[in-house]
Structures are given as structure tokens and as C-alpha cells.
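Here is what each chain is made of, one letter per residue.
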Amino acid sequence: MSSRFFVYTPRGGSQTSQEPGAKPWRECISGCERLGPTATELPDRFQPDDILIVWSPFRGSKRWKAYQAAKAAGSRVIVMERGWLSPIKGAPYFQLALDGWNGTGRFEPGGAERWRSWGIPQHDWRREGKHILVIGDDRRNNARDPRRTPIGWAESVRFDSPRPVARRLTRNQWVPLQMQFENAWCTVVWTSSVAIKSILSGIPVFYCGPNLVGAELARLGLDIEHPVMPEREPVLERIAWMQWSRAELASGEPFARLLALPHSGEPQLVEELPPIPSMWTPAGRLRALGTKLPPWIGLNGLVGRALGIT
């Protein structure tokens with residue numbers, strides 16, 4: 001049986017590339033059509049030669065159910081997510097990997113030329129700094145998926161260190177990220193593309209989640225006074241082959257590269273992920289409240305000084 005492609009879109013691929021932040025469904029459909037029959041509706045039953053293309057299938061979502069059904073039939077699943085470094089030269093990029101995302105999927109790396117063609121500047125590793133920068137995510141993790149930042153984690157995480165702590169709790173904070181990078185000793189994430197930006201800026205990264213793009217360049221856990229500063233080029237050159245532009249998606253090349261990887265067609269039972277609990281602490285809730293106050297009153301002002309909370 002020839003391969004069938006199923007591009008699982010939220011609205012049948014009706015989202016256009018011109019919409020702000022639009023996902024590249026049209027380009028995905030065009031790229032898949034170059035390789036075989038393509039549909040935007042799920043089949044009644046997946047077959048081992050089928051390919052499902054789905055956006056990050058978080059626990060509890062319809063995408064997660066589709067992912068489980070495809071793997072149970074022995075199908076391949078290409079998972080998409082926003083690029084780990086995007087935009088590049090003004091163009092948005094998107095992750096593609098088999099069976100996973102944000103560092104968990106398989107892909108076919110090539111040579112160094114792809115990374116080098118982007119001309120991304122890097123700063124030397126920073127060996128001195130002052131504060132710890134914590135990166136939060138204000139998107140609600142309603143399904144409590146461990147691959148997404150837990151509720152209350154960024155507000156509540158504590159460190160066995162005398163260093164001051166700056167917390168970036170929202171994705172659209174008024175303070176520019178680069179300003180918060182200034183004089184930072186390290187960046188701490190659960191999982192976030194900010195980790196790569198930090199690494200490129202020469203600021204060591206710690207992470208607490210189960211996976212991270214470029215995890216080889218960061219340290220798992222909160223041993224803040226002992227960061228890692230490995231050679232970056234080999235990892236960046238490899239993961240450059242995990243993200244693609246709209247034009248590249250439409251060409252079909254990213255999909256063809258993934259489909260060239262070994263595939264057994266054996267059914268695989270994907271078990272339900274256990275939910276991750278809320279991580280709120282009393283101090284964390286006060287910090288969250290402080291973000292709703294004017295800066296001169298909130299945690300960086302009168303309230304923070306009075307309570308001794310940073």
C-alpha cells in the first residue's frame with residue numbers, strides 16, 4: 001500500500017500564511033502532496049504506511065489522541081512546533097521531527113552548511129554574572145502535561161544561592177529579554193526556546209523539564225553555581241536540520257528526509273502521561289500577585305522589599 005499523508009489541522013488548513021503567527025498548514029499540505037495522497041481529515045483507521053502530521057500533541061488534546069491512534073497502528077507521526085530559533089533573516093521557522101518535538105523526536109542531520117548559512121552571531125560563554133533569570137510561560141497548562149511549564153513553577157522555584165533572582169513570568173513582558181540577559185549569571189527554564197537564545201548570548205542554561213532542544217548545551221537541575229559551557233557548534237549544526245522555513249516545507253524536502261529514516265511499521269502503545277501537579281507555593285502566589293501591580297509598588301518595589309521576596 002502506498003503512503004497516505006494526513007495533515008491534522010484545526011480548521012481543515014483554512015489558516016493562511018499571511019495571518020500573524022499562522023501555522024504553516026498550507027505549506028505542509030503542498031509539501032506532502034509532492035510525496036503522496038494528502039488529506040486534512042483523519043482516516044477511519046490508520047495503516048502502517050500512513051503518515052500523520054500534527055502540531056505538538058500535548059496530553060489530553062485531540063492531537064494527542066490522534067498521535068496515540070497512529071502509533072497504535074504502526075504509522076509514522078511527524079510532529080511540528082514553532083522553531084527553536086525563529087525568525088531567521090525575517091522568516092519564521094518550524095520544528096519537524098518523527099514521533100516527538102522539543103528535543104525528543106528523530107530527524108536526519110546533515111552537514112554544517114545549514115547552520116553556517118544563517119549567520120547567527122554567538123557570544124563567548126559568560127564566566128561572570130550577577131542574577132539568575134527564570135523564564136516562565138503564562139499559557140495555561142490545563143492538561144498538566146509534563147512537557148509544558150507547570151502551573152506556578154516559575155513563580156515558586158527557589159535556589160540555594162545568594163544571587164538575586166529575576167523572573168520573566170509572561171511571554172510578552174514589557175522589559176526586553178536582551179535587557180534581562182544583561183549581567184545574568186544563568187538562565188533557568190522548564191523548557192523554552194529562550195534557552196537557545198541564552199546559549200547564543202553566552203549565558204549558561206539550567207532546565208527542569210523532561211526535555212529541551214539543545215539539552216547537550218545545558219544542565220539538568222538547579223546546581224546554579226556549577227553551570228556547563230560546552231562547545232556549541234556541533235550541536236547547533238545538527239539541530240539546524242530539525243527546523244525549516246515555509247518555502248522549504250512547501251518543497252516537500254523536510255518530509256522526505258524524515259521518511260527516509262528507518263521505520264518498522266510495528267504497532268506501538270503510547271501510554272497516557274501522568275499529570276504533573278501544580279507547583280504553587282505561598283511565596284509564588286505573592287510573586288504572581290506582584291506582577292499585577294505597578295513596578296514601583298510590586299515585587300521590585302515597595303511590596304517586594306517589605307516582604308523580602310525577589
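Figured I'd write up the structure that's included with this text. (Residues numbered from 1 in each chain as written. Predicted model: local features only at pLDDT ≥ 70, side-chain atom pairs only at ≥ 80, totals over all residues. Heavy atoms only, no water.)

**Here we look at the packing of aromatic side chains**
Convention followed: Pairing of aromatic rings covers Phe, Tyr and Trp, the last counted by its six-membered ring, and requires centre-to-centre distances within 6.5 Å; plane angles under 30 degrees mean stacked, over 60 mean edge-to-face, and any other angle means tilted. Numbering of helices and strands runs from the N terminus; a helix is a DSSP stretch of H or I covering at least four residues, while a strand is a stretch of E covering at least two. Buried, partly exposed and exposed residues are distinguished by accessible area as a fraction of the type maximum, computed with a 1.4 Å probe on protein chains only: under 20%, between the cut-offs, and over 50%, respectively.
If you walk through the whole model with that rule in mind, you get eleven aromatic pairs. Each ring, one from Trp-153 and one from Trp-190, has its centre 5.8 Å from the other, and the planes form 70 degrees; the classification is edge-to-face. Within this pair, whereas Trp-153 is found in helix α4 (residues 153–156), its partner Trp-190 is found in the loop between β8 (184–189) and α6 (194–200), the two being separated by 37 residues in sequence. Accessibility assignment for this pair places Trp-153 and Trp-190 in one class, buried.

**Considerations on the sheet that holds strand β7 (residues 165–168)**
Our working rule: At least two DSSP bridges between two strands are needed for those strands to be called paired.
Across the sheet, five strands lie side by side as β7-β6-β8-β9-β10; this open sheet has parallel pairing. The sheet is open, and its two borders are formed by β7 and β10 (219–220), each paired with just one other strand. Looking at chain direction, strand β6 (residues 131–135) and β7 are connected through four bridges and run parallel. Bridge pairing links Ile-132 to Val-165 in β7.

**Considerations on the layout of surface pockets**
To keep it simple, the criterion reads: A cavity here means a set of points on a 1 Å grid, drawn over the protein atoms and nothing else, where a 1.4 Å probe fits but cannot get out; a pocket is an open set with protein on both sides within 12 Å along at least five of seven lines, and a residue lines either one if it has an atom within 4 Å of a point. Grid points are joined across faces, edges and corners, and a volume is the space filled by probe spheres set on the points.
Approximately 930 Å³ is the volume found for the largest pocket. Forming the walls of the largest pocket are 38 residues, and the residues nearest its centre are Arg-82, Arg-139, Arg-171, Ser-192 and Ser-193. The set of elements that each furnish at least two residues to the lining of the largest pocket consists of β4 (76–82), β5 (93–98) and α6.

**Looking at the pattern of salt bridges**
As a reminder of what qualifies: The salt bridge definition used is simple: a Lys or Arg side-chain nitrogen within 4 Å of an Asp or Glu carboxyl oxygen.
Enumeration according to the criterion identifies eleven salt bridges in this entry. Residue Lys-71 is joined to Asp-99 by a salt bridge in which the shortest nitrogen-to-oxygen separation is 3.1 Å. On the criterion of sequence distance, the pair formed by Lys-71 in helix α2 (residues 62–72) and Asp-99 in the loop between β5 and α3 (113–118) is long-range, its members being 28 residues apart. On the accessibility criterion, Lys-71 (7% relative accessible area) is buried. In this structure, the salt-bridge partner of Asp-145 is Arg-147, at a minimum N-O distance of 2.9 Å.

**A short note on empty space enclosed by the protein**
Heads up, the condition is: The nonpolar class holds Ala, Val, Leu, Ile, Met, Phe, Trp, Tyr, Cys and Pro. Asp, Glu, Lys and Arg form the charged class, and all remaining residues, Gly among them, are polar.
Scanning the model with the defined rule gives one cavity of 30 Å³ or more in all. Counted as a void, the largest cavity has a volume near 30 Å³. Forming the boundary of the largest cavity are Leu-96, Phe-107, Glu-108, Trp-241, Trp-244, Pro-254, Arg-257 and Leu-258. Of the residues forming the lining of the largest cavity, the biggest block, three residues, is contributed by helix α9 (residues 253–259). The class makeup of the residues in the lining of the largest cavity is six nonpolar, no polar and two charged.

**Some remarks on unusual backbone geometry**
Residue Pro-87 is reached from Ser-86 by a cis peptide bond, and omega for that bond is 0 degrees. One non-glycine residue, Asn-183, lies in the positive phi region at around 65 degrees. As for its position among the elements, Asn-183 is in the loop between α5 (177–181) and β8. Judged by relative accessible area, which is 43%, Asn-183 ranks as partly exposed.

**Some words on the nonpolar core**
Let me state the cut-off plainly: Among buried residues, those of type Ala, Val, Leu, Ile, Met, Phe, Trp, Tyr and Cys that are joined through side-chain atoms within 4.5 Å constitute a nonpolar core. Residues count as neighbours in contact if any of their non-hydrogen atoms are within 4.5 Å of one another.
Of all hydrophobic cores here, the largest spans 52 residues; its most connected members are Ile-53, Ile-78, Met-80, Trp-84 and Ile-239. Broken down by element, the residue count for this core peaks at five residues, all from α6. In contact with Met-80, not counting residues within four places along its chain, are Pro-24, Trp-25, Cys-28, Ile-53, Val-54, Trp-55, Ser-56, Phe-94, Gln-95, Leu-96 and Leu-249.

**Details of the pairing of strand β3 (residues 51–55)**
Inclusion rule: With the strands pointing away from the viewer, any crossover whose connection runs clockwise from the first strand over the helix to the second is right-handed.
Of all the five residues making up β3, five are buried; the element is thus mostly covered by neighbouring parts of the structure. Burial along β3 is two-sided: the residues Ile-51, Ile-53 and Trp-55 and Leu-52 and Val-54 are all buried. With five bridges joining them, β3 and β4 adopt parallel strand pairing. Paired with Ile-53 across the two strands is Ile-78, which belongs to β4. In terms of handedness, the path from β3 via α2 over to β4 forms a crossover that is right-handed.

**Structural notes on helix α10 (residues 282–290)**
To be explicit about the condition: Along the arc lie the directions from the helix axis toward the C-beta atoms.
Inspection of α10 places Gly-284, Arg-287, Ala-288 and Gly-290 among the buried residues, and these make up the whole buried set. All buried residues of α10 project into a common sector of 160 degrees when viewed along the axis, lining one side. As for α10, its buried residues are in contact with α4 and β7.

**What to know about α2**
Of the residues making up α2, those classed as buried are Trp-64, Ala-66, Tyr-67, Gln-68, Ala-70 and Lys-71. Looking at the buried side of α2, the elements it contacts are β1 (5–8), β3 and β4. Gly-74 occupies a position one or two residues after α2 and carries a positive phi of about 85 degrees.

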